[in-house]
Amino acid sequence: MKLTEFTAGNLPLLIMYDLDGTLVDSVPDLAISIDAMLDDMNLPKAGEDKVRLWVGNGIPSLVKRALVDDMAGDQPGIVNRDVFVKAYDNFKHHYAIEVGQHSHLYPGVKDFLQAMADKGVKQAVVTNKSEIFTEKLLKLMGIDHFFEISLGGDSLDEQKPHPLPLLHAIKKAEASPDTALMIGDSSNDIKAARAAGVKVIALPYGYNHGEPIETSNPDLIVPTLDRLL
């Protein structure tokens, strides 16, 4: 389906994108950094397959899940605060070195971003990734110039699945929920879009904690972004 068919003939004024698992496969960098952190703390390494399941709720959640080798690590009280703070600082040290070094854009991403830019559509990144790493990854992937708005998980008081980041981006772009679109790969993206009153397109190749994205009922699923052109 073409994007104009999905949006009743008119292109959105604003398209918001998730980053990890939507535009960029960043798990290789994250997994290397998590394993280095665990090794420094004399804990067993997790490996890329586990890290792929843990991504999606921001770096603090990723670190907590790695510390207990389970999604339950993100629950209050599971991880000792002092241990978490040490691990979090350790991870950030390693990730500052690894970010963007083993990541790559998914197929069709750059073509789609360029096509939307050529048509004058405003574009924004709305991710739960920390702001400092978001900016660095976008630059290293060579796509930072496409976005006039970039929001990380620590940019505002709330992060996805709360609608605040989407509503903030919409206001900043002088758009409205009915003239905006969210594109993501996880239930967090879909929940945030629903709460913000925005249509949402999902990609099936990203990080959704091992669950098929179909179970989250997005408005449309496409195999790659360029299929919308």
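Residues numbered from 1 in each chain as written. Predicted model: local features only at pLDDT ≥ 70, side-chain atom pairs only at ≥ 80, totals over all residues. Heavy atoms only, no water.

## Description of the pattern of salt bridges
Turning to step 1, where the next piece is worked out: Scanning the entire structure with this criterion turns up 9 salt bridges.
Turning to step 2, where the next piece is worked out: One salt bridge connects Arg52 with Asp25, and the closest N-O pair in it is separated by 3.5 Å. A residue pair is termed long-range when its members are at least 10 positions apart, and Arg52 in helix 3 (residues 48-54) and Asp25 in strand 2 (residues 24-25) qualify at 27 residues.
Turning to step 3, where the next piece is worked out: Since its relative accessible area comes to 24%, Arg52 is described here as partly exposed.
Turning to step 4, where the next piece is worked out: When the shortest N-O distance is used, the salt bridge between Asp89 and Lys92 registers 3.9 Å. Here Asp89 and its partner Lys92 are both found in helix 5 (residues 81-98), 3 residues apart, which amounts to about one turn of the helix.
Turning to step 5, where the next piece is worked out: Judged by relative accessible area, which is 43%, Asp89 ranks as partly exposed.
Turning to step 6, where the next piece is worked out: Under the relative-accessibility criterion, Lys92 is labelled partly exposed at 31%.
Turning to step 7, where the next piece is worked out: A single salt-bridge network, built from bridges that share partners, covers Asp18, Lys160 and Asp189. (Salt bridge = Lys/Arg side-chain N within 4 Å of Asp/Glu carboxyl O. Helix = DSSP H or I, 4+ residues; strand = E, 2+ residues; numbered from the N terminus. Buried < 20%, exposed > 50% of the residue type's maximum accessible area, 1.4 Å probe, protein only.)

## Considering the UniProt feature "binding site: Mg(2+)" (unreviewed entry) in the chain
Turning to step 1, where the next piece is worked out: What UniProt calls "binding site: Mg(2+)" (unreviewed entry) maps, in this numbering, to Asp18, Asp20 and Asp185. Spatial clustering of the annotated residues is evident: they stretch over 168 residues in sequence, but the largest pairwise C-alpha distance comes to 8.5 Å. Residues from the annotated list that form part of the lining of the largest cavity: Asp18, Asp20 and Asp185.
Turning to step 2, where the next piece is worked out: Structurally, Asp18 can be placed in the loop between strand 1 (14-17) and strand 2.
Turning to step 3, where the next piece is worked out: At a separation of 3.2 Å, a polar atom in the side chain of Asp18 contacts the side chain of Thr22.
Turning to step 4, where the next piece is worked out: Relative to the assigned elements, Asp185 resides in the loop between strand 6 (180-184) and helix 9 (187-196).
Turning to step 5, where the next piece is worked out: Each residue touching Asp185, except ones within four places of it in the same chain, is listed here: Asp18, Asp20, Gly21, Thr22, Leu203, Gly206, Tyr207, Asn208 and Ile213.
Turning to step 6, where the next piece is worked out: Within polar-contact distance, the side chain of Asp185 engages the side chain of Thr22 at 2.8 Å. (UniProt positions renumbered as here; feature names shortened; annotations may be inferred. 1 Å grid on protein atoms, 1.4 Å probe; cavity = no way out; pocket = protein on both sides within 12 Å on 5 of 7 lines; lining within 4 Å. Polar contact = N/O pair within 3.5 Å; in protein donor to acceptor, adjacent residues only side chain to side chain. Contact = heavy atoms within 4.5 Å.)

## Focus on the UniProt feature "active site" (unreviewed entry) in the chain
Turning to step 1, where the next piece is worked out: The sites that UniProt annotates as "active site" (unreviewed entry) are Asp18.
Turning to step 2, where the next piece is worked out: In this structure Asp18 comes out as buried when scored by relative accessible area, which is 7%.
Turning to step 3, where the next piece is worked out: Beyond its immediate chain neighbours, meaning those up to four positions away, Asp18 contacts Leu23, Val126, Thr127, Lys160, Met182, Ile183, Gly184, Asp185 and Asp189.

## Regarding the packing of aromatic side chains
Turning to step 1, where the next piece is worked out: Using the criterion set out here, one finds 6 aromatic pairs in the structure.
Turning to step 2, where the next piece is worked out: Look at Tyr17 and Phe112: their rings are 6.4 Å apart centre to centre, the planes differ by 80°, and that puts the pair in the edge-to-face class. Separated by 95 residues along the polypeptide, Tyr17 in strand 1 and Phe112 in helix 6 (residues 109-118) bring together distant segments of the chain. Of the two residues, Tyr17 and Phe112, both sit in the buried class.
Turning to step 3, where the next piece is worked out: In this structure an aromatic cluster arises from ring pairing among Tyr17, Phe112 and Phe147.
Turning to step 4, where the next piece is worked out: Against the face of Phe84 rests Lys64, its NZ or CZ located 5.0 Å from the ring centre. (Phe/Tyr/Trp six-rings, centres within 6.5 Å; stacked < 30°, edge-to-face > 60°. Lys NZ or Arg CZ within 6 Å of the ring centre and 35° of its normal.)

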